[in-house]
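Letter by letter, the chains look like this.
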Amino acid sequence: MKKTNLLKVLLASSAIVAAGESATAGMYDGVTIEAKLIGGQQYEGLYGRIAEWEAETGAKVDIISKKSHFEIDKEIKSDMAAGTTSWCVGSNHSSFAPQYEGLYANLNDLVSAETIAEFVQGNINASTVGGELLMLPRAQFDVSVLYYLKSNYEDADKAAAFKAEYGYNLAVPDTWDQVKDQAIFFADPPNFYGTQYAGKDEAIVGRFYEMVVAEGGNYLDENKKPIFNSDAGQRALQWFVDLYEAKAVPAGTTSYVWDDLGQGFASGTVALNLDWPGWAGFFNDPESSKAAGNVGVAVQPMGTVTRTGWSGHHGFSVTNDCANKEAAVSLVNFLTSEESQLAESAGGSLPTRTAVWEANVAAAKAGDDAFRAESLEAFAEGAKFAFAVPPIPEWGETTNIVFPELQAAIVGDKTVKEALDDAAAAVDELMRESGYY
Amino acid sequence: MTRRRLPEWFVLLLPAIVVIAAVVLIPLVFSLYSSFTPYKLTRPATLWKWVGTYNYEKILSDGKFWAAFGRTVLFLTIVLNLELLLGLGIALMMNKVTWGQRSLRTILMFPMMFSPILVGFQFKFIFNDNIGLVNNVLQSMGYNAALPWLVDGKLAMFSIIFAEVWMSTPVFAILILAGLFAMPRDPLEAAKVDGCTPIQTFRHITLPFLMPFIYIAMTIRSLDVARAYDIVQIMTGGGPARRTELLWTLMSRTGYVDSRMGLANAMGYVSIILSILFTIYFFRKLSAARAQIGMAG
Amino acid sequence: MDRNQTYRNRKRALNAVHFVALFITMAIICIPGLWIVLNSFRPTVEIMAKPPVWTPSFTLEHYRNMFGGAGEGGVPVFSYFRNSLIVSVVSTTIAILIGMSGGYAFARYRFPGKAGYFVGLMLFRAVPGVALSLPLFIVFARVGIIDTHFGLILAYVAMNVPFTIWLTDGFFRQIPKELHEAAEIDGCTRWQAFWRVEFPVARSGVASAAIFAFLTSWNEFALASQLTRSVGSKTMPVGLLDFTAEFTINWGGMCALAVLMIIPALVLTFLVQKHLIAGLTFGGVKG
């Protein structure tokens, strides 16, 4: 008896909080919400749904800016500098969120705990900086899994030759050491490469970071002091160097970022490729990929300690200066709702809501698209090992210090230890300057 | 009735002065001020903290900055000289063409119609080591290796210089060509009558007349050369391992990605001083060349 | 073999060398650009093919997608195009007027501190766009002209004026002073003398200045990416980045937009060339 009463009280109180979430007809008549959204083809589909929200609530959404990832980051920083932050809703990313100190509202106060609980906990954690929930995740979750060319594992001659050379059976690799062996074994430059990796900017630092973690080390310690020049860090970097020296990766790999890598694998000339979910459909589409029909997907391999799993996700945030936060939160809720996530993830991106994950996996199993089922299964497994970058504003800046040093080691300008020590010293200075210790 | 009026030359110059002051001078004063603060984009309050010459000390004692500085000077020197030589050659060739010259001139200006950012993307793909046009052609001709155009230290510099030269040589060619067209015929005829060889004519009559045009082009290009930022940023981003890092890529990364605008503006001022030196140098040359052919103002 | 014969042979050989050199130059100039045009008509899988496909197939897919709706790879091409056109044409016109008057002042008047003024104006052009973009943004944001055509036009006028002054100054200088003095003796005011006598002669200079100013505005990216935000003011170079996402570049689509960007510039350049040629007759005027 008492229990049900308590429940009722709880429900009633949460209903007040939830008022901004379940929109009623015409409740925001005459309100205009200014939004800055990330542009680009894979993100646009969702924005088509905004009209529905407008019709439902009577509000209008004015998209005052639509730009690519890094451009919108630049713009938002410029806005903070100029104090022009009265717009309401902004696209955000877990790797960028910590930089915008004080710009975005704490959604813990504006969104009901029930709603927040419907998201994958890991994504909520990665959206939280200093205890403040800065964004609601949209169905654009990214963690990498291993794409491979199936034909390499269906050739008896290759299998025998591999066994003779390396002493174990040729199978889809489960550890990064196996990836290295096989990549060197498969490589036939310049026509065919064993694998490839992102070679510059944040991309290579992220890849290095997850390898350090997989080797049992870490990037920063709990005081934010750089510790990536540990033994684990050196082992991690050595892996990149070895592959480069063995010419198992394209010589241009240090100039590659994601588009080059994706196109490289789609050209059918790379055996093993750790890559993002957005590419799954692309790789297996005969219209865009020569590897179509020959693509296998497996969970990302392990280091000596655990699997890699650098991850990130997109989301939407509400500014502190927004004049009508309630309406803005309602829009953000709508864009990240179960229906929106179902619609968006139907395009091949990964959801950030538990229910949508389950629905997608079930649908793929029941459907007749075996590749979709295989890749979704791999991603569902891979997501379990996902971890985000350190939630500090300086993350981006550290990557700019670290990546040229990693490159220097890879192309042979410095030894692994020199490069990492130099990078760690510079990051150490930055952290000191930023007042962490 | 004599009303005191502003001198004519000043009235003529006034609009230019006003526009430039509004758009360039005010922001410049702002960025000069901010170069003495630890200004961070994401922390607007830092704009009010004065740190004196800390930023300048920091960059001037930074080896990476000087490496980028030296590389930028080298890049500018190579690029400007190459563009001048090629532009002069093309203009002389074009001047000899007797038919279809108009179409050829339009073709010549083709690269100028490309946005630097597009040029960057274009050459990034052309020089891609795996699927790029250049390596595909080389491999089709039997060269069995993938040259890492954008990675190898020398090749990467070559690639960005090639892209920059491709885009900007037409500026020289067109300006020099305009100079050739404006050239009086008399001295040339006279030289022919006097029995000068074509090389002598070129050396003693054509070239001096062209010098002002060449220095105009040089100066314009040295001012404008920061446009190469778009190209380099897209093609290599200054990498790998800072092998193609120029002042501008370093500055924009510091300013926008790291949000350290104060520091970036300090670098900006060093790069502005560099541009000023180049400009003054060419301006002096320009005046000298003008004086030589009796056009000093 | 007599001397005439040798002379003729040498001349023929020189002509052949000239032709070959010109051909190679033109090829180097054209191929990277034509490659973009070609790729805009090829399916993505073929652009990225390895080993390369040398016999191109033809598809309008990229153009269809580009004009298609949002989410299907469509970008608001018409808005970008309109914005670019308005901004470039207006800023070029204003920059030419302002620049010409400045150039004339430098070429024709003697005044104290002339060299200082001149170098001073030029130096403002030396400020790299990357260094200028943020302070300019903050100033424009305070005035409230961010994301407007006006703001971008203002910026481009300032960018192109020093350049136009320089060019027209050079060309006015080449015109003998006697020309306008003669016109003034004939009863023209200085203003009339300028438009009737000096301007037509300097037209080739003004034409090239206009081409440069137009192309600079049409192609500028660093400032435009900072000063424009929405579809209402974004120009085409900024629009190019619509084809990049966090992890991908739609190269075929980008080529298609690039082609649309190049066509107007090509047409305009070709048209202005006429004036360039007309202006060139002044070489004969003096002689």
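Residues numbered from 1 in each chain as written. Chains lettered and ligands numbered in written order. Predicted model: local features only at pLDDT ≥ 70, side-chain atom pairs only at ≥ 80, totals over all residues.

(A) Molecular detail of the overall build of chain A. When helices and strands are tallied, chain A shows 18 helices and ten strands. Relative to the 2.2 N^0.38 estimate, which gives 22 Å for 437 residues, the radius of gyration of chain A is 23 Å and therefore close to what a compact globule would have. Along the first, second and third principal axes, the C-alpha atoms of chain A reach 70 × 55 × 50 Å. Here chain A, with 437 residues, has 57% of them falling under the buried criterion. When contacts within chain A are restricted to residue pairs at least 6 apart in sequence, long-range pairs at least 24 apart make up 75% of them. (Helix = DSSP H or I, 4+ residues; strand = E, 2+ residues; numbered from the N terminus. Rg over C-alpha atoms; globule rule 2.2 N^0.38 Å. Buried ≥ 20, exposed ≤ 12 C-beta atoms within 10 Å, placed from the backbone. Contact = placed C-beta atoms within 7 Å.)

(B) A look at the overall build of chain C. Across its full length, chain C carries 14 helices and zero strands. The C-alpha extent of chain C, read off along each of the three principal axes, is 80 × 70 × 30 Å. Considering only intrachain contacts with a sequence separation of at least 6, the fraction spanning at least 24 residues in chain C is 73%.

(C) Local environment of the sheet that holds strand β3 (residues 89-93) of chain A. Residues and elements named next belong to chain A. The five strands are arranged β2-β1-β3-β10-β6 in an open sheet whose pairing can be described as mixed. Edge positions in the sheet fall to β2 (60-67) and β6 (136-143), since each of these pairs with one other strand and no more. Taking the axes of each pair of neighbouring strands and ignoring which way they run, one obtains an average angle of 20° across the sheet. Relative to strand β10 (residues 311-318), β6 runs antiparallel, the two being bridged by five bridges. Considered in β10, the bridge of F141 is made with H313. Of the strands in this sheet, β1 (32-38), β2, β3, β6 and β10 are in contact with helix α13 (residues 325-335), which crosses β10 at around 150°. (Pairing = 2+ DSSP bridges. Axes fitted to C-alpha atoms, helices over the stretch in contact; angles between N-to-C directions.)

(D) Quick look at the environment of I107 of chain B. By secondary structure assignment, the location of I107 of chain B is in helix α4 (residues 101-108). You can call I107 of chain B partly exposed: it has 17 C-beta atoms within 10 Å. Here the alpha-carbon distance between I107 of chain B and P170 of chain B, two residues 63 residues apart in the chain, equals 9.6 Å. Those residues in contact with I107 of chain B, other than ones at most four positions away along the chain, are M26, I29 and C30 of chain C.

(E) Region of the structure containing the interface of chain B and chain C. On the side of chain C, 79 residues touch chain B, which itself brings 77 residues to the contact. Counted by class, the side of chain B that touches chain C contains 55 nonpolar, 15 polar and seven charged residues. (Nonpolar A, V, L, I, M, F, W, Y, C, P; charged D, E, K, R; others polar.)

(F) Summary view of the confidence of the model for chain A. Across chain A, the average pLDDT comes to 89, with 94% of residues at 70 or higher. Taken together, the stretch residues 6-21 of chain A has pLDDT below 50 and engages in 13 contacts with residues farther than four places along the chain or on a different chain. (pLDDT = per-residue confidence, 0-100.)

(G) Representation of the interface of chain B and chain A in the model. Across the boundary between the two partners, chain B contributes 26 residues, which contact 32 residues of chain A. Class assignment for the residues of the side of chain B that touches chain A results in twelve nonpolar, nine polar and five charged.

(H) How the structure looks around the sheet that holds strand β8 (residues 272-275) of chain A. Residues and elements named next belong to chain A. Strand order in this open sheet of three strands is β8-β7-β9, and the pairing throughout is antiparallel. Edge positions in the sheet fall to β8 and β9 (295-298), since each of these pairs with one other strand and no more. Averaged over all adjacent pairs, the angle separating strand axes in this sheet is 30°, with direction ignored. In terms of strand pairing, strand β7 (residues 145-149) meets β9 through four bridges, oriented antiparallel. Counterpart to Y148 in the pairing with β9 is G296. Running over the sheet, helix α11 (residues 258-266) touches β7 and β8 and is turned about 145° from β8. Taken strand by strand, helix α16 (residues 370-383) contacts β7 and β9, and its axis lies near 25° from that of β9.

(I) Geometry of the environment of R173 of chain C. You can see R173 of chain C is positioned in helix α7 (residues 149-174). For the pair formed by R173 of chain C and Y104 of chain C, sequence separation is 69 residues and the distance between their alpha carbons is 8.6 Å.

(J) Spatial organisation of the nonpolar core. Counting residues in each nonpolar core, the largest one holds 299 residues, and the members touching the most others are V318 of chain A together with I176 of chain B. A total of 15 residues in this core trace back to one element, the largest contributor, which is α7 of chain C. Setting aside residues no more than four positions away along its own chain, V318 of chain A makes contact with C88, V89, Y104, A105, L107, L110, K325, A328, V329 and V332 of chain A. (Core = buried A, V, L, I, M, F, W, Y, C linked by C-beta atoms within 7 Å.)

(K) Spotlight on unusual backbone geometry. Geometrically, the link from P189 of chain A to P190 of chain A is a cis peptide bond, its omega value of 0° lying close to zero. Along the chain, the position of P190 of chain A falls in the loop between α8 (176-186) and α9 (201-214). With a phi close to 60°, D147 of chain C is a non-glycine residue in the positive phi region. For D147 of chain C, the position within the fold is in the loop between α6 (129-143) and α7. For D147 of chain C, a count of 19 C-beta atoms within 10 Å gives the class partly exposed.

(L) Here's a closer look at the domain arrangement of chain C. All names here are of chain C. Here the domain parsing of chain C yields domain 1 (3-66) and domain 2 (75-286). Placing a centre on the C-alpha atoms of domain 1 and another on those of domain 2 gives a separation of 30 Å. Taken together, the contacts link eleven residues of domain 1 with ten residues of domain 2. When residues of the side of domain 1 that touches domain 2 are traced back to their parent elements, those giving at least two are α1 (3-40), α2 (44-47) and α3 (61-67). The residue inventory of the side of domain 1 that touches domain 2, partitioned by class, reads five nonpolar, five polar and one charged. (Domains from an automatic or database assignment.)

(M) How the structure looks around the domain arrangement of chain A. Residues and elements named next belong to chain A. You can read the domains of chain A as domain 1 (2-142 + 312-373) and domain 2 (145-308 + 394-433). Each of domain 1 and domain 2 was reduced to a C-alpha centroid, and the two centroids are 32 Å apart. On the domain 2 side, the residues contacting the nine residues of domain 1 number eight residues. The residue inventory of the side of domain 1 that touches domain 2, partitioned by class, reads three nonpolar, five polar and one charged.

(N) Structural view of the confidence of the model for chain C. All names here are of chain C. With 90% of its residues at a pLDDT of at least 70, chain C reaches an overall mean of 81. Across chain C, helix α4 (residues 77-108) holds the top mean pLDDT of 92, while helix α14 (residues 282-286) sits lowest at 32. Across residues 277-287, confidence stays below pLDDT 50; counting only partners more than four residues off in sequence or on other chains, it has 18 contacts. Here the prediction assigns the complex a pTM of 0.81, and the interface score ipTM is 0.82.

(O) Here's a closer look at the environment of L177 of chain B. Residue and element names in this part refer to chain B. Of note, L177 is situated in helix α7 (residues 153-181). A C-alpha to C-alpha distance of 38 Å links L177 and S140, two positions 37 residues apart in sequence. Once residues within four sequence positions are removed from consideration, L177 is found in contact with A91, M94 and N95.

(P) Molecular detail of helix α9 (residues 198-224) of chain B. For α9 of chain B, with 27 residues, the first-to-last C-alpha span of 34 Å runs short of the 39 Å given by 1.5 Å per residue. At L207 of chain B, α9 of chain B shows its strongest bend, of approximately 45°, with the proline P208 of chain B following within four residues. (Expected span 1.5 Å × (residues − 1). Bend = angle between axes of the 7 residues up to and from the residue.)

(Q) Expanded view of the packing of helix α14 (residues 338-345) of chain A against helix α15 (residues 354-366) of chain A. Residue and element names in this part refer to chain A. One can describe the packing of α14 onto α15 by two numbers: an axis separation of 10 Å at closest approach and a directional angle of 40°. Classed by the angle they form, the pair α14 and α15 counts as oblique. Crossing of α14 over α15 shows right-handed handedness. In this structure, α14 contributes E338, Q341, L342 and S345 to the contact, and α15 contributes A355, V356, A359 and N360. Here the contact of α14 with α15 is composed, by residue class, of four nonpolar, three polar and one charged. (Parallel < 35°, antiparallel > 145°, perpendicular 65-115°, else oblique. Left-handed = near helix turned anticlockwise from the far one by under 90°.)

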